[in-house]
Amino acid sequence: MKFSTESVLAVAALVAAAEAFAPSHPAPHRANVRPLAMSSTADAPTGEKKPTKKEKRLQYMKAPDFHRRGFKEVRENVEKSMGEQFKSGLVDELKSNDFVIEKDGVRVHLAKDFGFCWGVERSIALAYEAVEHFPGKTVHITNELIHNPEVNDKLHEMDVQFIEKVGEGQKDFSKVNDGDVVILPAFGASFEEMTLFDEKNVDVVDTTCPWVSKVWNTVDQHQRKGLTSVIHGKYAHEETVATLSFCDDYICVKDMTEAEMVADYIVNGGDKAAFLKHFENAVSEGFDPDTMLDKVGLANQTTMYRKETRAIGQLMQKAMMKKFGPVDAKDHYLEFDTICDATQERQDAIHELVENASDMNLDFILVVGGWDSSNTAHLLEIPQKAGVRSFHINQADCIGADNTITHRTMAGEIVTETFIEDIENPDREVVMGVTSGASTPDKSVQDSLSSIFLLKKMSSGGQKA
């Protein structure tokens, strides 16, 4: 699967950020031995500066058995395999027909930006290449590669071993043996996991999205400036888990409500025990809101809703201005935009569908993507908050032959309900919008639309008989 011109330009735009986490030159070849981890403060000579987590990660990446650029000798086969698995003739037809198609009594409006982003394509390609490059070796992966059931099912078929989760935030790495291969997913891996693999005699294939690395750059700057990182994200999400592991002092807020709690504490203080109880799973060890909220920097999980992140940023800035005054506030607050472009483009595109829903006479908007996918869940929020009927499904099987749909609500519940109203009427055209998350292949959209076409055709045919 070839990357688009847009993808190549996006990669180029991130080179500066990604290179900060990349080795400056290839390490010399050495026998299959991992480098020793950098010395801790206790082991370092007196007066030697303690290396940052970013600097340690940089050293891990210099190892000859740490792979980030894929394996050229198997690339052609992988591109062919990905094309067969993910491409869609129907979606290509929609794109070539101004994103509209009519078929079997259904009119479909496709969002202008949707589906696979270049970071996801890159991650899948690297993972597939790793399996082909290391025949006969046991290949592990630390999490789902991306939040898409078809992609992860394919990795299972390729005999990739998914590291078992054994508790809240805990994994069993005991089955990773010398000589094995470990794939780091698109979300990245925690600093602790990377340290563990550095100490093991394994090959590491890093598929981390460069946009995630950009966030790690940001929190590194926070540390260097003595700031506490305020992360807008879901503390249990794989990407945020990895990001928090690269922070020293942090607090994670999932939405504006929690951000308002933090801002209020910054300005007015409050019940420290109650505050820490609420955020007990979302703060760094030893977190003290009385001292650690005087200087903060904002970053976010790359797949969050950008408008909310911006609003949180404005809230934090106003809190610092109120506490320290407009002149000194700049010394207490730092902000970087770390929402990825693909996330924003897909949000903008569904906004366009929603804004034109009445003119298009849309009956509903279908959002296709993994139920665990944060970026897909945020796409659903946009029509839902605008009062446009909409459904988030993870695959075509969610559309039942009895005209029901099983979907994920904004609250995270999986429910089943009647799908298309008055579907039996052969004279009534169904008009729908459709989009998909950044980890969703075009083939998943095609399969979902094909189920709707068949449902309408069979229902209307039955009415005629």
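Chemist: Mind laying out the overall build of the protein chain, listing which residues take part and the relevant values?
Modeler: Broken down by element type, the protein chain carries 18 helices and 18 strands. Taking all 465 residues of the protein chain together, 54% fall into the buried category. At a minimum sequence separation of 6, the contacts of the protein chain that also span at least 24 residues come to 71%.

Chemist: Tell me about helix α9 (residues 210-224), residues and numbers included.
Modeler: Compared with an ideal rise of 1.5 Å per residue, which puts 15 residues at 21 Å, α9 spans 21 Å between its outermost C-alpha atoms and is within 8% of the ideal. Burial within α9 is extensive, with 12 of its 15 residues counted as buried. Turning to α9, its buried residues number three or more, namely Pro210, Trp211, Val212, Ser213, Val215, Trp216, Asn217, Thr218, Val219, Asp220, His222 and Gln223. With its phi angle positive at about 75°, Gly226 sits one or two positions after the end of α9.

Chemist: Account for the pairing of strand β9 (residues 203-206), naming residues and giving values.
Modeler: Across the two faces of β9 the burial is the same, with Asp203 and Val205 and Val204 and Asp206 all buried. Across two bridges, the pairing between strand β1 (residues 66-67) and β9 is parallel. Each residue of the ladder has a partner; that of Phe66, found in β9, is Val204. In this sheet, β9 lies alongside strand β8 (residues 181-184) in parallel orientation, the contact comprising four bridges. Pairing of Val182 across the sheet is with Val204, part of β9. Regarding topology, helix α8 (residues 191-199) serves as the crossover connection from β8 to the parallel β9, and that connection is right-handed.

Chemist: Run through the packing of aromatic side chains, naming residues and quoting values.
Modeler: In this description, an aromatic ring pair is defined by two values, namely the gap between the centres and the angle between the planes. One pass over the structure, following the stated rule, counts 12 aromatic pairs. For the pair Phe191 and Phe246, a centre-to-centre distance of 5.8 Å together with 70° between the ring planes defines the contact as edge-to-face. Of this pair, Phe191 sits in helix α8 while Phe246 sits in the loop between α10 (238-245) and β11 (250-253); the two residues are 55 residues apart in sequence, bridging distant segments of the chain. What links up through ring pairs into an aromatic cluster is the set Tyr60, Phe191, Trp216 and Phe246.

Chemist: Tell me about the pattern of salt bridges, and name the residues and values.
Modeler: Here the structure, examined in full by the defined rule, presents 19 salt bridges. Across the pair Glu129 and Arg75 runs a salt bridge whose closest N-O atoms are separated by 2.9 Å. Separated by 54 residues along the polypeptide, Glu129 in helix α6 (residues 118-133) and Arg75 in helix α4 (residues 75-86) bring together distant segments of the chain. In this structure Glu129 comes out as buried when scored by relative accessible area, which is 3%. The closest approach of N and O atoms between Lys443 and Asp447, which form a salt bridge, is 3.0 Å. Of this pair, Lys443 and Asp447 both sit in helix α18 (residues 442-464), separated by four residues, roughly a single helical turn. For Asp447, a relative accessible area of 28% gives the class partly exposed.

Chemist: Describe in detail unusual backbone geometry, supporting the description with residues and values.
Modeler: Even without a glycine there, the phi angle at Phe99 is positive, about 65°. Mapping Phe99 onto the fold places it in the loop between α5 (89-96) and β2 (100-103). Classification of Phe99 by relative accessible area gives buried; the value is 17%. In this model, Asn361 sits at a positive phi of 60°, which is unusual for a non-glycine residue. Tracing the chain through its elements places Asn361 in the loop between α16 (357-360) and β14 (364-368).

Chemist: Quick rundown of the sheet that holds strand β5 (residues 161-162)? Include the residues and the values.
Modeler: Pairing in this open sheet of five strands is parallel, and the strands run β1-β9-β8-β4-β5 from one edge to the other. Each edge of the open sheet is held by one strand with a lone partner, namely β1 and β5. In the sheet, strand β4 (residues 139-141) pairs with β5 via two bridges, with the strands oriented parallel. Opposite His140, over in β5, you have Gln161 as the bridge partner. Running at roughly 155° to β9, α6 makes contact with β8 and β9 of the sheet.

Chemist: So, the packing of α9 against α10: which residues are in play, and what are the values?
Modeler: At their nearest, the axes of α9 and α10 sit 9 Å apart, and the two run at 30° to each other. The orientation of α9 with respect to α10, classified from their angle, is roughly parallel. Crossing of α9 over α10 shows right-handed handedness. Between α9 and α10, the contacting residues are Val212, Val215, Trp216 and Val219 on the first element and Glu239, Ala242 and Thr243 on the second. Along the lines of polarity and charge, the residues of the contact of α9 with α10 split into five nonpolar, one polar and one charged.

Chemist: Quick rundown of the sheet that holds strand β12 (residues 296-300)? Include the residues and the values.
Modeler: Picture the strands of a sheet paired through backbone hydrogen bonds; they go either parallel or antiparallel. Read across the sheet, four strands follow the order β11-β10-β12-β13 without closing on themselves; strand pairing throughout is parallel. This sheet does not close on itself; its edge strands, each paired only once, are β11 and β13 (333-335). Between one strand and the next, the sheet's axes are offset by a mean angle of 20°, whatever the strand orientation. Pairing between strand β10 (residues 228-232) and β12: five bridges, direction parallel. By the bridge assignment for β12, Ile231 is matched with Ala299.

Chemist: Outline the state of the cysteines, listing residues and values.
Modeler: In this structure the tally under the stated criterion is zero disulfides. Counting only cysteine sulfurs, Cys252 is the nearest neighbor of Cys247, a cysteine outside any disulfide, at a range of 9.3 Å. There is no disulfide at Cys340, and the cysteine sulfur nearest it, in Cys117, is 5.9 Å away.

Cut-offs used in this document
Residues numbered from 1 in each chain as written. Predicted model: local features only at pLDDT ≥ 70, side-chain atom pairs only at ≥ 80, totals over all residues. Heavy atoms only, no water. Helix = DSSP H or I, 4+ residues; strand = E, 2+ residues; numbered from the N terminus. Buried < 20%, exposed > 50% of the residue type's maximum accessible area, 1.4 Å probe, protein only. Contact = heavy atoms within 4.5 Å. Expected span 1.5 Å × (residues − 1). Pairing = 2+ DSSP bridges. Right-handed = clockwise from strand over helix to strand, strands pointing away. Phe/Tyr/Trp six-rings, centres within 6.5 Å; stacked < 30°, edge-to-face > 60°. Salt bridge = Lys/Arg side-chain N within 4 Å of Asp/Glu carboxyl O. Axes fitted to C-alpha atoms, helices over the stretch in contact; angles between N-to-C directions. Parallel < 35°, antiparallel > 145°, perpendicular 65-115°, else oblique. Left-handed = near helix turned anticlockwise from the far one by under 90°. Nonpolar A, V, L, I, M, F, W, Y, C, P; charged D, E, K, R; others polar. Disulfide = S-S within 2.5 Å.

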